[in-house]
Amino acid sequence: MEPVIRLEGLTKYYRKNLGVDGLDLEVYPGEVFGYLGPNGAGKTTTIRLLLDLIRPTSGRALVLGQDPRSGGPAVRRQIGYLAGDPALYRKMTGRQLLVHLGHRRGLDGPGSAEALADRFELDLDRPIGDLSRGNRQKVAVVQAFMHSPRLLVLDEPTSGLDPLMQREFYRLVAEAKAEGRTVFLSSHVLGEVERIADRVGIVREGRLVVVEGLEALKAKALRRLEIHFAGPVPAGEFAALPGVQDVVVEDGLLTATTVGSIDALVKAAARHEVVNVVSHEADLEDLFLRYYEGAGDAA
Amino acid sequence: MLRSVFGAAIWSRRRALAWWVGGSFVYLLFLGSAFPTFSDNAARFQEVFESYPEALRAMFNMVEGISLGTGPGFLHMELFSLVLPLLLMIFAVGFGARAVAGEEEEGTLDLMLAGPLSRRRWLGEQFAAMATLTSLIGLVNYLAILVAGAAFGMGLDPGYLAAATLGAVLIALVFGSLALGVGAATGRRGMAIAAASAAALAAYLVFSLADIVTWLGTFQKASPWYYYAAAAPLLNGIEWAHAGVLAAVVVALPVLGGMALERRDLAV
């Protein structure tokens with residue numbers, strides 16, 4: 001299958017600092033690819049390279065089979081792009097902006113923009129400058145999807161959206177996938193990527209650390225778990241459980257780190273009277289450390 | 001209006017445009033109302049002017065045989081020597097600096113160029129919009145001067161006036177194009193405005209002082225202002241060669257800027 005996105009040693013140095021270094025990646029049709037990394041890791045740089053807004057120092061990218069630069073407008077017509085910090089014409093109303101952008105993409109009217117705006121409860125008649133951050137983000141989401149592009153390139157798409165609208169956005173991504181379109185989205189939130197991506201690439205300091213299917217990623221996911229018991233429990237019962245580390249018991253409070261499934265720990269805990277369970281998702285940094293150290297101490 | 005980059009560039013300036021049009025009319029009628037005072041006292045003004053040192057006369061763009069008492073002479077010195085080209089230039093430079101660099105700094109250029117639009121096309125349509133609106137303001141000024149001329153008996157030749165106004169539009173566009181080109185090459189709006197303003201000031205000074213400062217004389221023809229003012233089209237009609245030089249510069253600068261824009265990274 002011809003990949004929709006193909007990166008071959010893609011490298012971008014800025015005048016002073018590193019953008020991205022030697023990225024190799026293939027994203028296939030109909031796939032939702034999560035591009036995960038902390039801020040400043042090179043996610044936006046990668047995305048801007050795909051759209052020919054910046055040019056690589058070395059290596060190359062192929063988008064829909066073409067080099068972004070030589071492919072030019074014809075390639076970009078088939079892409080929906082949502083910028084990380086979308087700048088919109090503040091004096092236009094949402095409708096004016098969508099009509100303006102629609103014309104450029106060969107739509108003769110608002111296209112599916114009206115329907116999309118309804119789904120996001122977006123008022124298209126107000127000037128964009130008067131909208132809240134969340135509503136501006138909705139305009140940016142709608143313009144990315146309005147022309148039913150073959151490839152969606154979304155940079156931190158849910159930032160600023162409230163949870164209800166985030167869910168609507170996830171549905172939109174799922175529909176795009178069902179229609180065979182490809183989604184490349186960046187995020188610094190593991191939970192978000194877990195929720196909608198088929199495969200995940202983790203980028204750190206300009207390098208792709210790992211590319212994995214979601215199942216494999218979940219199997220290595222770290223959680224900090226706190227279990228509050230009604231009375232004291234023996235630490236020994238928990239320390240030897242598979243996939244459970246760093247067990248500390250103080251009176252009735254147990255804290256531990258789990259790798260992958262939390263099933264064993266929860267079942268062991270169930271033998272005692274449990275008052276409360278608190279689960280913290282490991283932050284990205286912990287996850288990266290794990291990949292850097294290798295899978296050696298994972299299980 | 002929002003069907004093209006050209007249309008949107010004009011649409012977004014519709015309010016500013018209304019002010020330029022209204023302001024031009026008011027200013028020119030006001031200026032015209034001063035003309036009778038000058039023509040009634042022509043002989044005395046002439047004396048005063050002739051007593052000025054040569055340097056000062058050069059700054060007023062005085063040419064041989066000109067009289068403040070005639071309509072064309074009055075307008076040549078009071079309006080076309082500096083004020084009209086300067087006003088048009090302020091508009092054109094502001095437009096040119098915003099067209100690429102300003103939109104880039106705002107982030108809206110990203111939005112547009114991430115879509116199916118080439119950088120060259122963006123620049124081309126912005127240039128066309130800048131030229132169209134600057135010409136439109138020039139046309140409005142032309143009409144306002146004709147009205148003022150008729151109202152205050154200036155005895156203007158519409159053809160000569162058209163030639164002079166065209167020249168003012170072209171010299172304004174030279175620096176508008178410079179701002180557009182510098183903005184396209186650097187992505188920095190402040191730099192585009194600074195470069196265009198400095199170049200305009202230098203061009204004006206070199207032309208004006210070249211008659212007095214000997215060493216500047218050799219550079220006079222390098223100043224775009226020479227091709228605007230030297231032939232005094234309001235008094236003598238159009239000098240096609242000079243208008244052609246200006247037009248060529250107007251077109252060449254955005255082309256050079258576009259070549260740089262094609263190659264560089266857009267700022268975030």
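Counting starts from 1 at the beginning of each chain's written sequence and moves along it residue by residue. Chains and ligands are labelled by the order in which they are written, letters from A for the one and numbers from 1 for the other. In view of the model being predicted, local features appear only for residues whose pLDDT reaches at least 70, and side-chain atom pairs are presented and counted only at 80 or more, with totals across whole chains, interfaces and linings using the full set of residues. In computing side-chain properties, one takes all heavy atoms of the structure into account and sets aside hydrogens as well as water.

### So, the overall build of chain A
And step 1. Helix and strand labels come from DSSP, where a helix needs a run of H or I of at least four residues and a strand needs a run of E of at least two; each type is numbered from the N terminus. Across its full length, chain A carries 11 helices and 13 strands.
And step 2. Relative accessible area decides the class of each residue, using a 1.4 Å probe on protein chains only: under 20% of the type maximum gives buried, over 50% gives exposed, and in between gives partly exposed. Within chain A, the proportion of its 299 residues that are buried is 51%.
And step 3. In chain A, 70% of the contacts between residues at least 6 apart in sequence involve partners at least 24 apart. Whether two residues touch is decided by their heavy atoms; if any such pair falls within 4.5 Å, the residues are in contact.

### Description of the domain arrangement of chain A
And step 1. Segmentation into domains, and thus their bounds, comes from an automatic or database assignment. If you check the domain split of chain A, you get domain 1 (5-217) and domain 2 (222-281).
And step 2. Summarising the inter-unit geometry, the C-alpha centres of domain 1 of chain A and domain 2 of chain A are found 39 Å apart.

### Topic: helix H1 (residues 43-50) of chain A
And step 1. Within H1(A), 7 of the 8 residues are buried, which leaves the element mostly enclosed by the surrounding structure.
And step 2. The complete set of buried residues in H1(A) reads Lys43(A), Thr45(A), Thr46(A), Ile47(A), Arg48(A), Leu49(A) and Leu50(A).

### Points about the sheet that holds strand E11 (residues 244-250) of chain A
The strands making up a sheet associate through hydrogen bonds between their backbones, and the pairing can be parallel or antiparallel.
Residues and elements named next belong to chain A.
And step 1. Read across the open sheet, the 4 strands follow the order E11-E12-E10-E13; overall the sheet is antiparallel. At either end of the open sheet lies a strand with only one pairing partner, and these are E11 and strand E13 (274-281). When strand polarity is set aside, the average angle formed by the axes of neighbouring strands in this sheet is 15°.
And step 2. Pairing between two strands requires that DSSP report at least two bridges joining them. Inspection of the sheet shows strand E10 (residues 222-229) paired to strand E12 (residues 253-259) by 7 bridges, in the antiparallel sense. Opposite leucine 225, over in E12, you have alanine 256 as the bridge partner. With axes taken as lines fitted to C-alpha atoms, and helix axes fitted only over the stretch in contact, angles between N-to-C directions fall between 0 and 180 degrees.

### Let's talk about the side chain of Ser187(A)
Residues and elements named next belong to chain A.
And step 1. Within the secondary structure layout, serine 187 lies in strand E7 (residues 182-187).
And step 2. Looking at serine 187, the relative accessible area reads 1%, which means it is buried.
And step 3. In the analysis that follows, any N or O atom pair within 3.5 Å is treated as a polar contact, provided that within protein one partner can donate a hydrogen and the other can accept it, and provided that, for residues neighboring in sequence, both atoms belong to side chains. There is a polar contact of 3.2 Å between the side chain of serine 187 and the side chain of glutamate 192.
And step 4. In this structure, serine 187 is in contact with Tyr35, Leu36, Gly37, Lys43, Glu156, Glu192 and Val193, ignoring residues within four places of it in sequence.

### Description of the confidence of the model for chain B
And step 1. Averaged over all residues, the pLDDT of chain B is 92; the fraction at 70 or higher stands at 97%.
And step 2. For this predicted complex, the interface confidence comes out at an ipTM of 0.87, alongside a pTM of 0.89. Per-residue confidence from the prediction method is given by pLDDT, with values spanning 0 to 100.

### Details of the sheet that holds strand E8 (residues 199-204) of chain A
Residues and elements named next belong to chain A.
And step 1. On the basis of which strands lie adjacent, the open sheet formed by 6 strands has the order E5-E6-E7-E3-E8-E9 and mixed pairing. Whereas interior strands pair on both sides, the edge strands pair on one side only; in this sheet they are strand E5 (79-82) and strand E9 (207-213). Between one strand and the next, the sheet's axes are offset by a mean angle of 15°, whatever the strand orientation.
And step 2. In terms of strand pairing, E8 meets E9 through 6 bridges, oriented antiparallel. From the neighbouring strand, arginine 204 faces E9, where its bridge partner is arginine 207.

### Focus on the environment of Ala61(A)
Residue and element names in this part refer to chain A.
And step 1. Here alanine 61 shows up in strand E4 (residues 58-63).
And step 2. As for alanine 61 and aspartate 24, which are separated by 37 residues in sequence, their C-alpha atoms are 9.1 Å apart.
And step 3. The contacts of alanine 61, once residues within four sequence positions are left out, are Arg6, Leu7, Leu10, Leu50, Gln66, Asp67 and Pro68.

### Some details on the pairing of strand E2 (residues 18-27) of chain A
Residue and element names in this part refer to chain A.
And step 1. Note that strand E1 (residues 5-13) and E2 share 6 bridges and pair antiparallel. What sits directly across from leucine 10, in E2, is leucine 23.
And step 2. Joining the antiparallel neighbours E1 and E2 is a turn of 4 residues.

### A few points about the side chain of Glu103(B)
And step 1. Structurally, Glu103(B) can be placed in helix H7 (residues 83-106).
And step 2. Under this rule, positive means Lys or Arg and negative means Asp or Glu; His and the chain ends count for nothing. When a carboxyl oxygen of Asp or Glu is within 4 Å of a side-chain nitrogen of Lys or Arg, the pair counts as a salt bridge. Buried within the structure, Glu103(B) lacks any salt-bridge partner; its nearest side chain of opposite charge belongs to Arg98(B), at an N-O separation of 5.0 Å.
And step 3. One polar contact links Glu103(B) to Tyr89(A), side chain to side chain, over a distance of 2.5 Å.
And step 4. If sequence neighbours within four positions are ignored, Glu103(B) has contacts with Tyr89(A), Arg98(B), Thr108(B), Leu109(B), Trp122(B) and Gln126(B).

### A word on the pattern of salt bridges
Two side chains bearing opposite charge may form a pair once their charged atoms approach each other closely.
Residue and element names in this part refer to chain A.
And step 1. One pass over the full model with this rule turns up 21 salt bridges over all chains.
And step 2. Among the ionic pairs, arginine 60 bridges to glutamate 8, the shortest N-O distance being 2.8 Å. Placement of the pair is arginine 60 in strand E4 and glutamate 8 in strand E1, with a sequence separation of 52 residues.
And step 3. Classification of glutamate 8 by relative accessible area gives partly exposed; the value is 25%.
And step 4. Bridged by salt links that share partners, the residues Arg6, Glu8, Glu26 and Arg60 form one connected network.

### Considerations on the nonpolar core
And step 1. To define a nonpolar core, start from buried Ala, Val, Leu, Ile, Met, Phe, Trp, Tyr and Cys residues and group those joined through side-chain atoms within 4.5 Å. With 151 residues, the main nonpolar core has Phe145(A), Phe169(A), Phe184(A), Leu75(B) and Phe80(B) as its most contacted residues.
And step 2. Not counting residues within four places of it along the chain, the set of residues in contact with Phe145(A) comprises Ser112(A), Leu116(A), Leu152(A), Leu154(A), Phe169(A), Leu172(A), Val173(A) and Ala176(A).
And step 3. Among the nonpolar cores identified, the runner-up in size contains 12 residues, and Phe229(A), Phe238(A), Leu254(A) and Leu265(A) belong to it.

### Considering the packing of aromatic side chains
And step 1. Only the six-membered ring of Trp is used, alongside the rings of Phe and Tyr, when aromatic pairs are assigned; centres must lie within 6.5 Å, and planes under 30 degrees apart are stacked while those over 60 apart are edge-to-face, with the rest tilted. Enumeration over the complete set of coordinates arrives at 14 aromatic pairs over all chains.
And step 2. Consider the rings of Phe91(B) and Phe95(B), whose centres lie 6.1 Å apart with planes at 65°: the pair is edge-to-face. On the criterion of helical spacing, the pair formed by Phe91(B) and Phe95(B) is a turn pair, its members being 4 residues apart in helix H7. The same class applies to Phe91(B) as to Phe95(B), namely buried.
And step 3. Grouping aromatic residues by their ring pairs yields a cluster made of Phe33(A), Tyr35(A) and Phe184(A).
And step 4. Over a ring means this: the NZ of a Lys or the CZ of an Arg is within 6 Å of the ring centre and within 35 degrees of the ring normal. The ring of Phe95(B) is capped by Arg13(B), whose NZ or CZ atom sits 3.5 Å from the centre of that ring.
And step 5. Geometry around Trp11(B) places Arg14(B) over its ring, the cationic atom sitting 4.0 Å from the centre.

### Digging into the interface of chain A and chain B
And step 1. Taken together, the contacts link 26 residues of chain A with 29 residues of chain B.
And step 2. The quantity reported as buried area is the accessible area (1.4 Å probe) lost by two parts once they are put together, taken as the sum for both. Buried area between chain A and chain B, summed over both chains or domains, comes out near 2500 Å², and the portion from carbon and sulfur atoms is 55%.
And step 3. Inspection of the region where chain A meets chain B yields 2 salt bridges.
And step 4. Elements with a minimum of two residues in the side of chain A that touches chain B: helix H2 (68-76) and helix H3 (94-104) of chain A.
And step 5. Sort the elements by how many residues they give to the side of chain A that touches chain B and H3(A) lands first, with 6 residues.
And step 6. Class assignment of the residues belonging to the side of chain A that touches chain B gives a composition of 11 nonpolar, 4 polar and 11 charged. Residues are grouped as follows: Ala, Val, Leu, Ile, Met, Phe, Trp, Tyr, Cys and Pro are nonpolar; Asp, Glu, Lys and Arg are charged; every other residue, Gly included, is polar.

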